[in-house]
Each structure stands twice: as C-alpha cells, then as structure tokens.
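Here are the chains, one letter per residue:
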Amino acid sequence: MRDETAPGDDTGRPARPDRRKVLGVGAVAAGTAWVAPLVYDSVASPAAAATCVSFNSSTPDTYSIKIGAGKKVNYEVSGGGGGGGGGGQGTLAGSEGERGGAGTKVSGQIPVQPINYVLIIVVAGGGTGSKDGTPYWGIGGSGAVTGGNGGDGPKDAGQGGGGGGASRVSYSTTIDIIGPGGGGGGGGSAYGTNNSGGVGGELTSGTISGGLLAGQPGGRGGGDEGGFGGPGGVTSGNTPGGDGGGNGGGGGGGTATSGGTGGDGAKYESIVWPNQYGGGGGGGGGGYRGGGGAEGGDAQFADGDAGGGGGSGSIRAVGVTSAAVSSAANGGAGANGATATDGTSGTVTLTCV
C-alpha cells in the first residue's frame, strides 16, 4: 500500500499523512497473492472519527472502509454470475449450451459496534463463458472464494462455463457476510439437437439458519445420460463433485477456497459414428463452501449427451441483525455456437445509518 504524504515543513519535521487521499492498490485476481486493500477514509478530525463513508462498487477488487462507533450499516453483498456453456459445433446438428446461474444477493443490517473498526470488502468477478479460443472452457470468477473452471467438451462438443466468484464483507471474526456465485452452465453435445447443457445452480431464496444456508445444485445435461449437475455448496465440510452415470468425467468438489471444476465430456469414435462427443460440465460457484463441479456428458454410438450445470456456493452471514436472500440476476447466457456470454461481476453496497 502506498503512503501518500504532504511535503515537509521548514523545520525539517516529517510531513503529516494526508488522510483525505484515497490509497490505491492493484486488483486481486483469481489465484494471486493477497494485496493491500483500497482504503476509503474519512478526514482526520475528532468529528470524523465517529462517522463513516458509504461504499458501492461492482469492480472486482479488495477494499476497506472505516466504520465509526455507534453507526449501523445497511449492506447488500452479491456474488458473481456463472458463465454460459457453449454449444455443439459438429458437422451433424449439435445442441446448445445452457445459461450460468445467477449470483446470490444477501442483504440486511450490521448492528452498532462499540468501537471504530474497519470492514474488509471483496467484490467478486463473474465466471467467463465458453470461448472459441484457448482455453475453450469458461474460467471461474475471482473473489474471496473463486469460482471453478468449466469442463472440456472434446472436439466439436460445447465447453462448460466457469462458476462465479463470491463477494465478502468481514471484520475480524465478528462480522462475516458471503454472497455466493452462481454455477457455470453446461456445454451442449456435438450430436443431437435435444441434448442441451444443464443450467448453472443459483441460490435465489431461502432462510438463513445459524448464519448459514446451503447452495443449490446445477441442472442435469440433456440426453439419455446427460451429465449430472454439481451439488450446491454445503454449510460444513466440503461439497463433492457431480458423479452420475455414463462415461463423462466427474466434477471436482467445492472447497472453502474455490468452486469445483467441471468434468470433461466423454468421447466416442468409430467408423460408423465418428462424431459422438459429450459436452463439458459447468464449474461450481464460490461461496462459504464452493459448489461442486458438474459431470461431463456421456458419449456412445449414435449418442452424445450434454454436460450438467455447476452448483452454486453457500451463504454465510454472521454478526448481523438481519439477512435476506434474493437473486442478483447476472448469469451469462448459453450459446448455440462455441462462444457463450460471461457472467457479470458481483456488487457490494454499504450505507451508514
């Protein structure tokens, strides 16, 4: 963190810090080391010590804000949306990918604290959709807990979308609010117009109990043995990945640091049936516990099935007087072609009252 100060005076005494200036740092990307947060400060005066400034951002990064003693804070913490899955691109008619799940908004109020304190804020990124490039599969969004990457759809099958990252507002062990990301959408098969990917899991409602609420599973991919959707993030331990029938790859398990990676689609080739490829599974969304990655689609003769959608992450909301759950409505659209839409970034809004 840079320390910006005013010039020294004529006596040679060191300059006093200019507390009115905002201190900037570089962005936090998925998988990189933690860096000092951006600091939103108040002016250095006795009156300002008891006040706080409001905050609103949808730019993925890490920030901090000073809260004065005696102040309540209204909050809205939303995770990133999951990226959409890509569609099959075979010479035979392929199936489209499915949309990513919406991020979850957690809103309510933080009560008065007896001291001045600093909230650490992480604004999450959305998962990227399937791309016509390298890598083809979607990449999980950045955040306090990152989203999982989508799975590979071999050759002409669609790729899975990346899961959205989780946004977070916290102070020590006293306050911790996590808005989870949506799961990535599943990729469509290379053959069969009805074998569309599974939708990414999204947690849009529910009652928080004991400060926790489990995530939602993703949808199953289309076809006789489409990939199973990844399970939602849990309230303790970690989430296993999707592991349904057929020969598509199983999804990875969600953890406290990332959503699970989507499983790869299966591949079947013969002289008679050369284009049978299953779609890739969507990556799990980040959360208190990341959602599980979905299973990749099955492939057999005359049959390529779609990948499932990744599961959403789970919620944590402790040290608050109220917490409501709703949709952030920001999952990326699935595609008929190889390139799908990215999920949008999460948001954090804090208002002192």
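Residues numbered from 1 in each chain as written. Predicted model: local features only at pLDDT ≥ 70, side-chain atom pairs only at ≥ 80, totals over all residues. Heavy atoms only, no water.

Here we look at the nonpolar core
Step number 1: By size, the foremost hydrophobic cluster in this structure holds 25 residues, and its most contacted members are Ile110, Leu119, Ile121, Val169, Ile177, Val348 and Leu350.
Step number 2: Every element with two or more residues in this core is listed here: strand E3 (61-67), strand E4 (73-78), strand E5 (104-110), strand E6 (117-123), strand E8 (175-179), strand E14 (315-318) and strand E16 (347-352).
Step number 3: The leading source of residues in this core is E6, at 4 residues.
Step number 4: For Ile121, the residues in contact, after removing those within four places along its chain, are Phe55, Asp61, Thr62, Tyr63, Ile65, Arg168, Val169, Val348 and Leu350.
Step number 5: Core analysis: the next-biggest nonpolar cluster, separate from the first, contains 5 residues, Val145, Ala166, Ile178 and Leu212 among them. (Core = buried A, V, L, I, M, F, W, Y, C linked by side-chain atoms within 4.5 Å. Buried < 20%, exposed > 50% of the residue type's maximum accessible area, 1.4 Å probe, protein only. Helix = DSSP H or I, 4+ residues; strand = E, 2+ residues; numbered from the N terminus. Contact = heavy atoms within 4.5 Å.)

Looking at the side chain of Ser95
Step number 1: Locating Ser95 in the fold gives a position in the loop between E4 and E5.
Step number 2: Take Ser95: its relative accessible area is 2%, and that puts it in the buried class.
Step number 3: Polar contacts involving the side chain of Ser95 include one to the main-chain amide nitrogen of Asn195, which spans 2.9 Å. (Polar contact = N/O pair within 3.5 Å; in protein donor to acceptor, adjacent residues only side chain to side chain.)

Examining a nonpolar patch on the surface
Step number 1: Residues Tyr136, Trp137 and Ile139 make up a contiguous nonpolar surface patch of roughly 250 Å² in combined accessible area.
Step number 2: Note on placement: Ile139 falls in the loop between E6 and strand E7 (167-171).
Step number 3: The class for Ile139 is partly exposed, based on a relative accessible area of 33%. (Patch = residues over 30% accessible without salt bridge, like charges linked within 9 Å, V, L, I, M, F, W, Y side chains within 5 Å. Areas by Shrake-Rupley, 256 points an atom, 1.4 Å probe, with all protein chains shown as cover. Salt bridge = Lys/Arg side-chain N within 4 Å of Asp/Glu carboxyl O.)

Structural notes on the packing of aromatic side chains
For any pair of aromatic rings, the description consists of the separation of the ring centres together with the inter-plane angle of the planes.
Step number 1: Per the counting criterion, the structure on display carries 2 aromatic pairs.
Step number 2: Taking 5.0 Å as the distance between ring centres and 50° as the angle between the ring planes, the aromatic pair formed by Tyr117 and Tyr171 counts as tilted. In this pair, Tyr117 sits in strand E6 while Tyr171 sits in strand E7, placing the two residues 54 residues apart along the sequence.
Step number 3: Against the face of Tyr288 rests Arg289, its NZ or CZ located 4.6 Å from the ring centre. (Phe/Tyr/Trp six-rings, centres within 6.5 Å; stacked < 30°, edge-to-face > 60°. Lys NZ or Arg CZ within 6 Å of the ring centre and 35° of its normal.)

A word on the sheet that holds strand E2 (residues 55-57)
Step number 1: If you trace the 5 strands from one edge of the open sheet to the other, you get E2-E16-E4-E5-E15, paired in antiparallel fashion. Looking at strand neighbours, the two that pair on one side only are E2 and strand E15 (322-327), the edges of this open sheet. Going across the sheet, the axis of each strand differs from the next one's by a mean of 15°, ignoring polarity.
Step number 2: Pairing of E4 with E16, which is carried by 6 bridges, proceeds in the antiparallel orientation. Bridge assignment links Asn74 to a residue of E16, and that residue is Thr351. (Pairing = 2+ DSSP bridges. Axes fitted to C-alpha atoms, helices over the stretch in contact; angles between N-to-C directions.)

Quick look at unusual backbone geometry
Step number 1: In this structure, Ser172 takes a positive phi of about 50° despite not being glycine.
Step number 2: Secondary-structure assignment places Ser172 in the loop between E7 and E8.

Brief notes about the pattern of salt bridges
Step number 1: What the rule picks out here adds up to 7 salt bridges.
Step number 2: Across the salt bridge formed by Glu202 and Arg99, the nearest N and O atoms sit 3.1 Å from each other. With Glu202 in the loop between E8 and strand E9 (212-213) and Arg99 in the loop between E4 and E5, this pair connects stretches of sequence that are 103 residues apart.
Step number 3: Among the residues examined, Glu202 registers a relative accessible area of 24% and is labelled partly exposed.
Step number 4: Classification of Arg99 as partly exposed rests on a relative accessible area of 34%.
Step number 5: Via salt bridges that share partners, Lys155, Lys267 and Glu269 belong to a single interconnected network.

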